Amino acid sequence: MVKSRLLAGALAVLAGGALVSVLVPGNATADRFGAERHGDDKPLIIGHRGAPAFRPEHTLLSYEAAAKMGADYIEPDLVSTKDHILVARHENEISGTTDVESHPEFAARRVTKTIDGLQITGWFTEDFTLAELRTLRAEERIPDLRPDNTAYNGLAQIPTFDEVIQLAKRYGVGVYPETKHPTYFDSIGLSLEEPLLEVLNRHGWRDKRSPVFIQSFETTNLKELRAKTRLPIVQLINGSGAPYDLVAAGDPRTYDNLITPDGLRDIAKYADGIGPATTRIIPVDATGKLGQPTSLIRDAHRKGLKVHPFTIRDENSQLPLDYRLGNPASPAFPRATGDVMGWVERLFELGVDGVFADDPGLARATRDRLFDRS
């Protein structure tokens with residue numbers, strides 16, 4: 001188990017601001033939060049892209065913040081450079097997360113490509129060497145929702161996967177890498193899986209005891225990885241659609257098929273867990289209000305699979321209607337912090353084995369309140 005990094009309660013308060021003082025602690029018991037869980041461990045806190053509620057995502061600034069806030073794992077999304085180095089970006093198209101548009105020397109590299117069946121125009125990591133990417137600086141991806149993060153624009157470079165692991169080791173946390181668009185990168189001769197394993201192996205992380213989970217929304221690459229590594233593997237399950245590798249192969253199966261009993265049985269042959277969208281656990285209606293929980297957690301646990309849903313975000317506009325706080329008429333309402341701790345508590349109550357959180361501090365504070373009581 002990865003060494004926990006418990007900070008004082010003051011950090012949790014800092015992460016949540018004044019919100020913490022107005023939330024009413026639940027009366028959870030150990031039985032309430034243990035009955036549906038898979039195993040005896042407390043649920044994991046996974047810093048989704050680091051701590052993007054506070055720093056621009058996929059930067060060392062963001063990963064460091066997540067580790068200091070008490071995350072057990074930090075999550076780098078991985079894409080490749082032209083010289084086949086894995087770097088952390090949510091997408092291989094980087095105009096929304098870097099200052100590449102302000103670099104006239106790269107103006108001619110703006111192109112239109114088809115990625116997973118969609119036409120996208122911009123600048124792509126696979127058209128840059130690592131040295132060239134180093135001349136760029138990271139920027140906040142959603143400044144309208146997270147205007148405070150723009151204070152950090154221009155301060156951080158795009159980190160390599162190797163650098164993310166070095167940071168994780170310094171802070172005693174694990175890594176939870178996601179291979180992005182593996183079918184596409186295979187098609188251009190820049191396969192992600194081999195350099196991923198090479199970097200992990202170089203750091204001595206190569207078996208089930210290592211603080212690593214490897215994840216993907218596609219299936220074929222995960223099955224291939226199972227034959228090459230003993231590291232834990234997680235099949236991501238989107239809220240709709242289908243894995244692109246299946247689409248490209250003409251396979252009619254969708255994510256709906258993957259969460260049937262037969263689908264979960266197949267996943268259990270190559271993976272150790274699933275990472276479903278939270279709507280797969282509790283659906284929402286057209287207004288965003290939560291419905292009745294599904295049987296997915298129980299079904300997955302019966303197949304021996306852990307369940308790590310994504311993504312817990314702070315902002316009202318990103319939360320279920322049931323957990324939004326404040327005056328909806330206020331122009332600040334969409335970006336105001338809602339009842340994040342209540343939403344995390346609900347998922348813990350249902351028995352998840354971990355959560356991906358944009359604010360690992362609030363998620364960690366919730367876990368500590370519920371599971372560390374004497």
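Definitions and cut-offs
Residues take numbers from 1 onward in each chain, read along the sequence in its written order. Totals for whole chains, interfaces and linings use every residue, but because this is a predicted model, local features are given only for residues with pLDDT of at least 70 and side-chain atom pairs only at 80 or more, for both listing and counting. Hydrogen atoms and water are omitted, and side-chain values are computed over all heavy atoms in the structure. Secondary structure elements follow DSSP: runs of H or I no shorter than four residues count as helices, runs of E no shorter than two count as strands, and numbering proceeds from the N terminus. In this scheme Phe, Tyr and Trp rings, the latter by its six-membered ring, pair at centre separations within 6.5 Å, and the angle between planes marks the pair as stacked below 30 degrees, edge-to-face above 60, and tilted otherwise. Only protein chains enter the calculation, and the probe is 1.4 Å; a residue is then buried if its accessible area is under 20% of its type maximum, exposed if over 50%, and partly exposed in between. In this scheme, the term charge over a ring applies when either NZ of a lysine or CZ of an arginine sits within 6 Å of the ring centre and within 35 degrees of the ring normal. The rule for pairing is simple: two strands pair if DSSP sees at least two bridges between them.

Draft legend 1. Geometry of the environment of Thr 278. Mapped onto the elements of the fold, Thr 278 is located in the loop between β11 (273-276) and α12 (296-302). With 33 residues separating them along the chain, Thr 278 and Thr 311 place their C-alpha atoms 7.0 Å apart.

Draft legend 2. Structural context of the packing of aromatic side chains. Here the structure, examined in full by the defined rule, presents ten aromatic pairs. With centroids separated by 4.9 Å and ring planes inclined at 20 degrees, the aromatic side chains of Tyr 176 and Phe 213 adopt a geometry described as stacked. Highlighted residues: Tyr 176 in the loop between β7 (174-175) and β8 (178-179) and Phe 213 in the loop between α7 (193-202) and β9 (214-216), separated in sequence by 37 residues. The exposure class of Phe 213 is buried, given its relative accessible area of 9%. Relative to Phe 185, the ring of Tyr 184 has its centre 5.4 Å away and its plane inclined at 70 degrees; by these criteria the two rings are edge-to-face. Neither residue differs from the other here; Tyr 184 and Phe 185 are each classed as buried. Put simply, the rings of Tyr 73, Tyr 176, Phe 213 and Phe 356 touch in pairs and so form one group of aromatic residues. Residue placement shows Arg 109 over the ring face of Phe 128; its charged tip is 5.0 Å from the ring centre.

Draft legend 3. The arrangement of the sheet that holds β7 in detail. Taken in spatial order, the four strands line up as β7-β2-β1-β13 in an open sheet, and their pairing is parallel. Strands at the two margins of the open sheet, each flanked by one partner only, are β7 and β13 (354-357). Here two bridges tie strand β1 (residues 44-47) to strand β2 (residues 73-74), and the two strands are oriented parallel to one another. Following the sheet pairing, Ile 46 is matched in β2 by Tyr 73.

Draft legend 4. Unusual backbone geometry, seen in detail. Cis peptide bonds are those with omega within 30 degrees of zero, and the linkage from Phe 310 to Thr 311 qualifies with -15 degrees. One non-glycine residue, His 58, lies in the positive phi region at around 55 degrees. Locating His 58 in the fold gives a position in the loop between β1 and α3 (60-69). The class of His 58 is buried, set by a relative accessible area of 0%. Residue His 181 is not a glycine yet carries a positive backbone phi of 50 degrees. Positionally, His 181 belongs in the loop between β8 and α6 (182-187).

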